[in-house]
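Each chain, letter by letter, is given below.
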There are 2 protein chains.
Amino acid sequence: MGIARPQKSGKDFGARRWQGGGVGADIRALRKSRAITLGELADKLGRSVGFVSQIERGISHPSIDDLRTIAKLFGVPLSFLFGEHQRDPLGSRFVVRAGARRQLGSTEGGLIEELLSPDLSGSFEIIRSEFLPGSALAQPVRRNTEEAGYVVSGKLEIEIGGEWHVLDKGDSFRFFGEPYRWRNRGKVPAVLIWVIAPPTY
Amino acid sequence: MGIARPQKSGKDFGARRWQGGGVGADIRALRKSRAITLGELADKLGRSVGFVSQIERGISHPSIDDLRTIAKLFGVPLSFLFGEHQRDPLGSRFVVRAGARRQLGSTEGGLIEELLSPDLSGSFEIIRSEFLPGSALAQPVRRNTEEAGYVVSGKLEIEIGGEWHVLDKGDSFRFFGEPYRWRNRGKVPAVLIWVIAPPTY
DNA sequence: ATCGTGAAAAAATCGTTGAATATTTCACCA
DNA sequence: TGGTGAAATATTCAACGATTTTTTCACGAT
């Protein structure tokens, strides 16, 4: 065996490197993260499987309407599918500048989520979450994932597996598939770095 | 299929929950991360396989000398294998307080690494790295891992796959198995949250 | 032309099965 | 008690066929 445990099939690494900055790769990542097939996606889009395959590989190009449907389907802002990508002409495929992050969910609920990696590929998801003052996640949610977080600034209360904790700057956590919820009762936003594996988006 | 993609065998989740706060689990995690077997570890220790198995499960207890050997073998400070664990009597198994992190590597080289998760288990490693002013990693290193980082404070220069970048507060990066190195030419320490999958420790 | 389809070809995934390895259990020794 | 060694158990891994998924591409419609 080589170094450390292999990722999956071993050739995953190279396979990640995509052509240019197509939306295709993003769509594929989103689709994979929900574990749905080309066929299913094609159905929802009312398009053929072959065509969707081509879209994901950047050979064919989806209509704006298709993009809209896709964005809605996966719950990401339409802007996410758009150029945010390589907009920085000097941009490297490795780094994401503080001002150039792609937003993930919707802003409502007082939670702002931004992607810290250049794209959606990879075995985990690293996100910058900003919890606005007064915001809260009312009902606990449970995902079948491993999640970890680090408080960059502010203060956040979080309930994990039934235990409430008040996290201050510098505190961190990690849990496996426990139900959790949070609230920010402070006066300032709480900023967390949140890591989720495998990715959910 | 349940929610999202399963981790690996599916029962990984529960299997993580260990008894008390034994060093055993840590030793096992360290050993697994290097992909060596009980037999190999037993050899280095001059102990039997059965015994080492028992140590890892908290049934038998290693001597101080054994611990020393193990720590050296895995390149972690001896303190790591000691109590740092559940020292906080109120401590949850989910959260790690800013002041109660376990140190990882050695401090030399101007790099301070601290574990942000409660233990070494899981499919990724989340670390707080502090790069002291003037410190640098002279030679690029390459690991067969997926790595991502976020600059919490300070400024860090990092070379990834041959490209140098100056990262400021809020900048982030992600790469797959590229060779990298770094240097902090600033006057203040650079603090990064660094995520590595799979874990290397 | 360009956009998109449909179906054949290719590839990746999944469920077994069996051999080889790794780990746990436990009776017993120092 | 601390530890061994070997039998019992569990896990890993490769090989294989059967599906399922994805890609390719010739062709029809606009």
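The coordinates are above.
Residues numbered from 1 in each chain as written. Chains lettered and ligands numbered in written order. Predicted model: local features only at pLDDT ≥ 70, side-chain atom pairs only at ≥ 80, totals over all residues. Heavy atoms only, no water.

The next point concerns helix 3 (residues 38-45) of chain A. Helical geometry: 3.6 residues make up each α-helical turn, so side chains three or four residues apart lie on a common side. Residues and elements named next belong to chain A. Buried residues of helix 3: Leu-38, Leu-41, Ala-42 and Leu-45, and no others. Considered in projection along helix 3, the buried side chains sweep an arc of 100° and stay on one side of the axis. Exposed side chains of helix 3 directed beyond 90 degrees from the buried face belong to Asp-43 and Lys-44. In this structure, the buried side of helix 3 is in contact with helix 2 (23-33), helix 4 (49-56) and helix 5 (64-74). Residue Thr-37 occupies the N-cap position of helix 3, its side-chain oxygen lying 2.8 Å from the main-chain nitrogen of Gly-39. (Buried < 20%, exposed > 50% of the residue type's maximum accessible area, 1.4 Å probe, protein only. Helix = DSSP H or I, 4+ residues; strand = E, 2+ residues; numbered from the N terminus. Arc of directions from axis to C-beta. Contact = heavy atoms within 4.5 Å. Polar contact = N/O pair within 3.5 Å; in protein donor to acceptor, adjacent residues only side chain to side chain.)

Turning to the protein's contact with DNA strand C, a few remarks are in order. Lining the immediate environment of DNA strand C, one finds 16 residues, of which Phe-51 of chain A together with Arg-28, Leu-38, Ser-53 and Arg-57 of chain B sit closest. The contact atoms of DNA strand C, taken as those within 4 Å of the protein, divide so that sugar and phosphate hold 75%. One nitrogen or oxygen atom from the side chain of Lys-32 of chain B is found 3.4 Å from a phosphate oxygen belonging to DNA strand C. Here a phosphate oxygen of DNA strand C sits 2.7 Å away from a polar atom, N or O, in the main chain of Leu-38 of chain B. (Near = heavy atom within 4 Å.)

With that out of the way, let us pick up the protein's contact with DNA strand D. Not every one of the 17 residues close to DNA strand D is listed here, only the nearest: Arg-28, Leu-38, Ser-53 and Arg-57 of chain A together with Phe-51 of chain B. In the interface set of DNA strand D, defined as its atoms within 4 Å of the protein, sugar plus phosphate atoms amount to 74%. In the environment of DNA strand D, a phosphate oxygen lies 2.8 Å from a nitrogen or oxygen atom belonging to the side chain of Arg-28 of chain A. Between DNA strand D and Lys-32 of chain A there is a distance of 3.3 Å, counted from a phosphate oxygen to a side-chain nitrogen or oxygen. Among the elements that make up the surface near DNA strand D, the one with the highest residue count is helix 4 of chain A (4 residues). Considering only residue class, the surface near DNA strand D consists of 4 nonpolar, 7 polar and 6 charged. (Nonpolar A, V, L, I, M, F, W, Y, C, P; charged D, E, K, R; others polar.)

Moving on to the pairing of strand 8 (residues 172-176) of chain B. Along any regular strand, the residues point their side chains to alternate faces of the sheet. For strand 8 of chain B, the buried fraction is high: 5 of the 5 residues fall into the buried class. Here strand 8 of chain B shows two buried faces, one formed by Ser-172, Arg-174 and Phe-176 of chain B and the other by Phe-173 and Phe-175 of chain B. Note that strand 1 (residues 95-96) of chain A and strand 8 of chain B share 2 bridges and pair antiparallel. The residue of strand 8 of chain B that forms the bridge with Val-95 of chain A is Phe-173 of chain B. In this structure, strand 5 (residues 146-153) of chain B lies alongside strand 8 of chain B, joined through 5 bridges in antiparallel fashion. In the sheet register, Gly-149 of chain B faces strand 8 of chain B, and the bridge partner there is Phe-173 of chain B. (Pairing = 2+ DSSP bridges.)

A few words on the relation of the copies chain B and chain A. Superposing chain B onto chain A takes a rotation of 180° plus a shift of 0.0 Å along the axis, which leaves an RMSD of 0.1 Å. Each copy turns onto its partner about a two-fold axis. No C-alpha of chain B approaches the rotation axis more nearly than that of Val-152 of chain B, which lies at 3.4 Å. Of all interface residues in chain B, 98% are interface residues in chain A too; the two copies therefore contact each other through one and the same surface. (Least-squares fit on C-alpha atoms with pLDDT ≥ 70 in both.)

With that out of the way, let us pick up unusual backbone geometry. Residues and elements named next belong to chain A. Along the chain, Ala-197 connects to Pro-198 via a cis peptide bond; the corresponding omega equals -10°. Among the structural elements, Pro-198 can be located in the segment after strand 10 (190-197). Phi is positive for Ala-35, close to 55°, though the residue is something other than glycine. You can call Ala-35 partly exposed: its relative accessible area is 42%.

As a general point, the strands of a sheet are linked pairwise by backbone hydrogen bonds and lie either parallel or antiparallel. All names here are of chain B. Taken together, the 3 strands give an open sheet; going across it, the order is 7-6-9, and neighbouring strands pair in antiparallel fashion. The open sheet has two edge strands with one neighbour each: strand 7 (163-167) and strand 9 (180-183). The sheet shows a mean angle of 20° between the axes of neighbouring strands, direction not considered. One ladder, built from 4 bridges, connects strand 6 (residues 156-160) with strand 9; its direction is antiparallel. Its bridge partner lying in strand 9, Ile-160 is registered against Tyr-180. (Axes fitted to C-alpha atoms, helices over the stretch in contact; angles between N-to-C directions.)

Residue and element names in this part refer to chain B. Its location among the elements puts Lys-32 in helix 2 (residues 23-33). On the basis of relative accessible area, Lys-32 is assigned to the partly exposed category, the value being 44%. Separated by 167 residues in the primary sequence, Lys-32 and Pro-199 place their C-alpha atoms 9.4 Å from one another.

This paragraph deals with the interface of chain B and chain A. By a widespread convention, an interface's size corresponds to the accessible area lost as its parts come together. If you look at the interface, chain B gives 54 residues, while chain A gives 54 residues. Taken over both partners, the interface formed by chain B and chain A buries close to 5000 Å², and the fraction arising from carbon and sulfur atoms is 56%. At the junction of chain B with chain A, the criterion picks out 4 salt bridges. Here Asp-171 of chain B ties to Arg-97 of chain A by a salt bridge, and the two come within 2.7 Å at their closest N and O atoms. (Buried area = accessible area lost by both parts, 1.4 Å probe. Salt bridge = Lys/Arg side-chain N within 4 Å of Asp/Glu carboxyl O.)

What follows is about the pattern of salt bridges. All names here are of chain B. Tallied over the full model, the rule gives 29 salt bridges over all chains. The partner of Arg-31 in a salt bridge is Glu-56, and the shortest N-O contact between them spans 2.7 Å. Of this pair, Arg-31 sits in helix 2 while Glu-56 is found in helix 4 (residues 49-56), placing the two residues 25 residues apart along the sequence. Summarising the burial analysis for this pair, Arg-31 and Glu-56 share the class buried.

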